[in-house]
Amino acid sequence: MKKNIVRRPLDIQIDHNLHDLHPILQRVYLARDIRATEDLDYSLSKLPSPWLLSGMEEMVTILADAVINQRKILVVADFDADGATGCAVAILGLRLLGLSNLSYIVPNRFEFGYGLTPELVEVARGENPEILVTVDNGIANLEGVDAARKLGWKVLITDHHLPGDTLPEADAIVNPNLPEDEFPSKSISGVGVMFYVLMALRMRLREMEWFRQAKIKQPNLAQLLDFVALGTVADLVPLDRINRILVQQGLQRIRANHTHPGILAMLKIAKRPAENIVSSDFAFAVAPRLNAAGRLEDMSLGIECLMADDTEVAERYAFKLDQLNGERREIEDRMKIEAFGLIDKMEFGADMASVSGICLFEKGWHQGIIGILAARIKERFHRPVVAFAPANGAQVKGSARSISGVHIRDVLCDIAAKHPDLMKTFGGHAMAAGLTLDTADYPAFTQAFDEVVNIHLNGIDRFQNVYTDGVLDDEFIALDFAQTLRKAGPWGQGFPEPLFEGDFEVIQTRILKEKHLKLLLKSSKNNLIDAIAFYIEQPESWLRCRFVKVAYRLDVNEYRNSRTLQLMIENIEDVSDRGLEPG
């Protein structure tokens, strides 16, 4: 689907306090609603108080009693990177605070589904816990919470997903998206919520003089921020200022070699130097490997990698995660071919104006990969997508991904209101969600999804725009400025990395791994620049192209201890008929 390159809107009349910064950085920050250098202060002292989160008092009271009296806690994790890092933060953080009697459980997505289900409660009985603490789940698990409390356990929910109309009957709930919650960020991740709980718990234990009585040193919880940064980036939550603080602090610790062996091992196997790590390394190198465990096998493999305190042990786990990620890529490639084949049969590929929401289902698809598949289809066609795979019995599981402006969980809520018996379960947030259906109801859901998405698309541009920060002069298409931009982050969801546009002459092209395009470009001032475009459709069609208009990011390519400039092309257009415009 053709994309439009659009310059980010910028009101240069707005007064701002960024005059000491590079003019291009001023422009970039202003376009991201940064108005003063104070907004770029990412010190930990700028984090809001954990006591602004509703339910924190009840949560901390129970946890403080658990620490002091060494009650058995079982952490219930989720099977994605946010849940895995959140579990590691919970286990290691509670140990730092003095609790020794704890363990964790993470559901296998193929057996138990998402969160604290009654079936998982039965498995948890073998651990004989007194308290369950959920991380990145629980807000939608009404039946599971009831089952746990009937066994006499206390249930503490830490979550960030949007709650339904009815809240579970837990002993305490901390979730920034609860109604009337006063915490200033609604975008904090599951691991971020758990980190905040630990900060409040440390305050309470300090007030109770627990550390003095137990003769243990009050811990520096900042040592957990590498996990918080990874989970925040991996979960694709918007990087508002609070999340940027958490991510930046985690990145700084890793660069200074104050990090856990598991993260170092995953960076090493991905060939990403820890001393130069940026948030995109989490997104494209570490998170896929960590998530591969939950997608194909059991996320406990990823959790054990994160919590490993020995380098050799961590590297063995990282090697296994890397193998699983390779398998995941192979399965994903096969499923993408099948998905695009299904779309071709639907005969709307060339006329997307008539399509609102896309649903796809194939009997041979893998449950653990449908989320990635939905994201790939969404990127291609700029429409909300649900990809389905067979589940247990006569049901299918769906994974939904959405576009900016269409809140996918709200879409599912509207479908549930109109068709109360259609979905068996559903949950999620703005950009991603999951659901289950009876297989027989798939055609009805497909129609309902398209109809409801069509309503939500009202007023939203159905053509995909690529928003750029304008044209760069040749003097700034350079390694030193690329490094400046890397340090100016952290960049990510909702706070995008600077993207620029420009016309170039194509000097040389070649195809890498049958799907990527490597180019040597020449600017209007005759500078030669390396560039790469990943996952290009029909890459052979570009081999004779003479001039291109591209939207690109400045990237630092690190190879064999050498650092060079490389343009990462986000969008490419053949303008050979026009030639190179004067710069």
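Summarised in this report is the structure supplied together with it. (Residues numbered from 1 in each chain as written. Predicted model: local features only at pLDDT ≥ 70, side-chain atom pairs only at ≥ 80, totals over all residues. Heavy atoms only, no water.)

## Topic: helix H5 (residues 142-150)
Taken residue by residue, H5 has Gly144, Val145 and Ala148 as its buried positions. Summarising the axial view, the buried residues of H5 lie within an arc of 100 degrees, below the 170-degree limit, and thus occupy one face. Exposed side chains of H5 directed beyond 90 degrees from the buried face belong to Glu143 and Lys150. Looking one or two residues beyond H5, the residue adopting positive phi is Gly152, at roughly 90 degrees. (Buried < 20%, exposed > 50% of the residue type's maximum accessible area, 1.4 Å probe, protein only. Helix = DSSP H or I, 4+ residues; strand = E, 2+ residues; numbered from the N terminus. Arc of directions from axis to C-beta.)

## Focus: the pairing of strand E13 (residues 500-512)
Note: E13 against strand E16 (residues 547-559), six bridges, orientation antiparallel. Considered in E16, the bridge of Asp503 is made with Lys549. Two strands pair when backbone bridges link them, and E13 and strand E14 (residues 516-522) are joined in this way by seven bridges, in the antiparallel orientation. Bridge assignment links Val506 to a residue of E14, and that residue is Leu521. (Pairing = 2+ DSSP bridges.)

## Description of the sheet that holds strand E2 (residues 73-76)
One open sheet holds the five strands; their spatial order is E3-E2-E4-E5-E6, and the pairing between them is parallel. A strand with exactly one partner marks an edge of an open sheet, and here the two such strands are strand E3 (102-105) and strand E6 (172-174). Strand-to-strand twist across the sheet, computed as the mean angle between neighbouring axes with direction ignored, equals 20 degrees. Examined bridge by bridge, strand E5 (residues 154-158) and E6 share three bridges and lie parallel to one another. Note on E6: the bridge partner recorded for Thr158 is Val174. The sheet strands contacting helix H2 (residues 56-68) are E2, strand E4 (131-135), E5 and E6, and the helix crosses E5 at an angle near 125 degrees. (Axes fitted to C-alpha atoms, helices over the stretch in contact; angles between N-to-C directions. Contact = heavy atoms within 4.5 Å.)

## Focus: the packing of aromatic side chains
A full pass over the atoms with the stated rule returns twelve aromatic pairs. Taken together, a centroid distance of 6.4 Å and an interplanar angle of 75 degrees make the contact between Phe79 and Tyr114 edge-to-face. One end of the pair, Phe79, is in the loop between E2 and helix H3 (81-96); the other, Tyr114, is in the loop between E3 and helix H4 (118-124), and 35 residues separate them in sequence. Phe79 gets classed as buried once you look at its relative accessible area, which sits at 11%. Judged by relative accessible area, which is 32%, Tyr114 ranks as partly exposed. Through a chain of ring-to-ring contacts, three or more aromatic side chains come together here, namely Phe361, Phe388, Tyr442, Phe445 and Phe449. The ring of Phe495 carries Arg244 above its face, with NZ or CZ at 4.0 Å from the centroid. (Phe/Tyr/Trp six-rings, centres within 6.5 Å; stacked < 30°, edge-to-face > 60°. Lys NZ or Arg CZ within 6 Å of the ring centre and 35° of its normal.)

## Some details on a negative patch on the surface
Residues Glu119, Glu143, Asp146 and Glu169 make up a contiguous surface patch of negative charge. Examined against the element boundaries, Glu119 turns out to sit in helix H4. With a relative accessible area of 48%, Glu119 lands in the partly exposed category. (Patch = residues over 30% accessible without salt bridge, like charges linked within 9 Å, V, L, I, M, F, W, Y side chains within 5 Å. Areas by Shrake-Rupley, 256 points an atom, 1.4 Å probe, with all protein chains shown as cover. Salt bridge = Lys/Arg side-chain N within 4 Å of Asp/Glu carboxyl O. Lys, Arg positive; Asp, Glu negative; His and termini not counted. Charge placed at Lys NZ, Arg CZ, Asp CG, Glu CD.)

## Details of the packing of helix H15 (residues 408-418) against helix H16 (residues 442-456)
The geometry of H15 relative to H16 is characterised by a closest axis approach of 10 Å and an angle of 120 degrees between their N-to-C directions. Taken together, H15 and H16 sit at an angle that is classed as oblique. The crossing of H15 and H16 is right-handed. Contact residues: H15 offers Ile408, Asp410, Val411, Leu412, Asp414, Ile415 and Lys418, while H16 offers Phe445, Ala448, Phe449, Val452, Val453, Ile455 and His456. Classifying every residue of the contact of H15 with H16 gives ten nonpolar, one polar and three charged. (Parallel < 35°, antiparallel > 145°, perpendicular 65-115°, else oblique. Left-handed = near helix turned anticlockwise from the far one by under 90°. Nonpolar A, V, L, I, M, F, W, Y, C, P; charged D, E, K, R; others polar.)

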